[in-house]
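# Structural overview for review
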Amino acid sequence: MKKKWMAACGVTAFFLSAGIALWMEKPALTQMAGQAITTTANSKLNGTLSFSSLDISLKGQLVLAKPVIRDTQGRVVIEGDAVRVYVNPGKIVNALKQGEILQALDTADVDNPVLHLWQNEDDGTWNVASLIKKDQRQTDAGFRGAINVHNGTIDAVLPDSTAVMGQNVNGSVSFAGYPSMAIDASMTVDGQKVTAHGTYASNRQYDFTFSADAVNGTYASSFIPASADVVIRSGTVENVKVRVADSHNGFFLSGQADVTDGHVTVQGLDVDGLKGHAALTTQDITLSGVEGRVNGQDFRVGGTIVTNGDQTDTIYEGMDKQLTFEQSLRTREFEPDGPNYTPRISGVMHVENGKFNYAMSILKSNNGNPDACNRYTFAYENAIAGEGHFIHTYK
């Protein structure tokens, strides 16, 4: 019994002396850690990181109070109440000596952060895209933990100066599979829930799914090119779910949404009372019950638009103006890839009330002469079961 008591006292004395030693070294460790954090961050940022104070607990937790990241012009990009970082005790000493403190971090919890988003006036890029130095974006700092965000805010200014605020931002970014990062986030915008989750490795390798209960349609106006001459004046997009991905297998897009009370101006035409359902993939758009008024005249559109190129947009916009499939393609020609002048092939299907009609189109050069475009449209009503038609590009 006496030996056990002596052993317990010895262990207690060891941990007590170790704690006292660590406490005595705390000021030096705190200063060293603070210098390492600011030096590491500022070497990778096009800007600066600062914080009001730093504290290291005996539990291996490092707390940065009131952290702020500014860009090169001194504008605040990210700020928050605190960042709580959990340090791996077995790695901290070597990491500090090597000046790579990120290697010793397990997880980081960010409390009440605010992200300020805007587009740079000089090149039109978003400010966060240029926050990391280009030569550092592919640098492996050795961090394999996770960053968790709690009760954050996104304060964004769109290109047309519209202010959009995302609140109750919560989520995480895991670096366990670096260079691929796993991202999971949710927020509320105008009181409606918006979520995003997926993986990101580079701008050529990502896979994300976005969903939203409802989104103000006018937010999209800022991202429509001026050359399109389209203005979204009002409307709500509901039940939104979109998946977008890119990899060595190619680009992938799918999604669906419902539009209610839409009001847009398209190349001088006033379209209001717009409502209906749209589903899209990389190759087609399916419209269900889309209706509204064009300059006061009622219209209704339904069916699937299928093409092998960006003429999908041309067909959609034309039919939205009550043009026919053939009329919509009058503004398009064959591909300008001489000497091939590859034909453009398009197709549209109309399924309604048990009836199935479809049409196909091919736009060709005149036997290889690019000075003339030959236009062929084939329309089929009351399609017969078991019978099909196709158009091919080459002989």
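The numbering scheme is per chain: residues are counted from 1 as the chain's sequence reads. At least 70 in pLDDT is required for a residue's local features to be given in this predicted model, at least 80 for side-chain atom pairs to be given and counted, and no such filter applies to totals for whole chains, interfaces and linings, which use all residues. Side-chain measures here rest on the full set of heavy atoms in the structure, leaving out hydrogens and waters.

### Considerations on the overall build of the protein chain
Each helix is a run of H or I in the DSSP string that is no shorter than four residues. Each strand is a run of E no shorter than two, and both are numbered from the N terminus. Across its full length, the protein chain carries 4 helices and 21 strands. Approximately 23,300 Å² of the protein chain is accessible, and the part contributed by carbon and sulfur atoms is 55%. Residue-level accessible areas treat just the shown protein chains as cover; the underlying method is Shrake-Rupley with a 1.4 Å probe.

### Details of the pattern of salt bridges
The working definition used for a salt bridge is a side-chain nitrogen of Lys or Arg within 4 Å of a carboxyl oxygen of Asp or Glu. Summed over all chains, the structure comprises 9 salt bridges. Note that Arg75 and Asp71 form a salt bridge whose closest N and O atoms lie 2.8 Å from each other. Residue exposure (1.4 Å probe, protein chains only): buried if accessible area is under 20% of the type maximum, exposed if over 50%, otherwise partly exposed. Classification of Arg75 by relative accessible area gives partly exposed; the value is 33%. Judged by its relative accessible area of 11%, Asp71 is buried.

### Structural notes on a nonpolar patch on the surface
A patch consists of residues whose relative accessible area exceeds 30% and which take part in no salt bridge; residues with like charges are grouped when within 9 Å of each other, and nonpolar side chains (Val, Leu, Ile, Met, Phe, Trp, Tyr) when within 5 Å. Nonpolar side chains collect at one region of the surface, where Met349, Val351 and Phe356 lie side by side and expose about 250 Å² of accessible area between them. Structurally, the position occupied by Met349 is in strand β19 (residues 344-352).

### Comments concerning helix α3 (residues 311-320)
Judged by how many residues are buried, α3 sits mostly within the fold: 7 of 10 residues are covered. Listed as buried for α3 are Gln311, Thr312, Thr314, Ile315, Gly318, Met319 and Asp320. Positive phi appears at Gln322, one or two residues downstream of α3, with a value of about 70°.

### Concerning the pairing of strand β5 (residues 76-79)
For two strands to be treated as a pair, DSSP must find no fewer than two bridges joining them. Both strand β4 (residues 68-71) and β5 contribute to a ladder of 3 bridges, which runs antiparallel. Its bridge partner being in β5, Ile69 is matched across the sheet by Ile78. With antiparallel pairing between neighbouring strands as the criterion, β4 and β5 make up a hairpin whose turn holds 4 residues, including Gly74 at a positive phi of roughly 85°. Note: β5 against strand β8 (residues 114-117), 2 bridges, orientation antiparallel. Bridging across to β8, Ile78 finds its partner in Leu115.

### Let's talk about the confidence of the model for the protein chain
Atomic detail in the predicted coordinates should be set aside for any region of low pLDDT. In the predicted model, the protein chain carries a mean pLDDT of 81, and the fraction of residues at 70 or more is 81%. pLDDT measures how confident the predictor is about each residue, on a scale from 0 to 100. The contact definition used throughout considers only heavy atoms, calling two residues in contact when any of these lie within 4.5 Å. Counted against residues more than four places away or in other chains, residues 2-25, with its pLDDT under 50, gives 4 contacts.

### A few points about the nonpolar core
Judged by nonpolar contacts, the single largest core of 16 residues is most densely connected at Ile37, Leu45, Leu49, Leu54, Leu62 and Leu64. Elements represented by at least two residues in this core include exactly α1 (2-44), β2 (53-56), β3 (61-65), β6 (82-87) and β7 (105-111). Apart from residues lying up to four places away in sequence, Leu64 is in contact with Ile37, Phe51, Ser53, Leu54, Asp81, Ala82 and Val83. Within the second largest apolar cluster, 10 residues are counted, among which are Val271, Leu274, Leu287 and Phe299. To define a nonpolar core, start from buried Ala, Val, Leu, Ile, Met, Phe, Trp, Tyr and Cys residues and group those joined through side-chain atoms within 4.5 Å.

### So, unusual backbone geometry
Looking along the chain, the bond that leaves Gly338 and enters Pro339 is cis, with omega of 10°. Note on placement: Pro339 falls in the loop between α4 (325-328) and β19. The residue Asn112 is not glycine, and still its phi comes out positive at about 50°. Within the chain, Asn295 stands out as a residue other than glycine whose phi angle is a positive 50°. Structurally, the position occupied by Asn295 is in the loop between β17 (284-294) and β18 (297-307). Residue Asn295 is classed as partly exposed on the basis of its relative accessible area of 46%.

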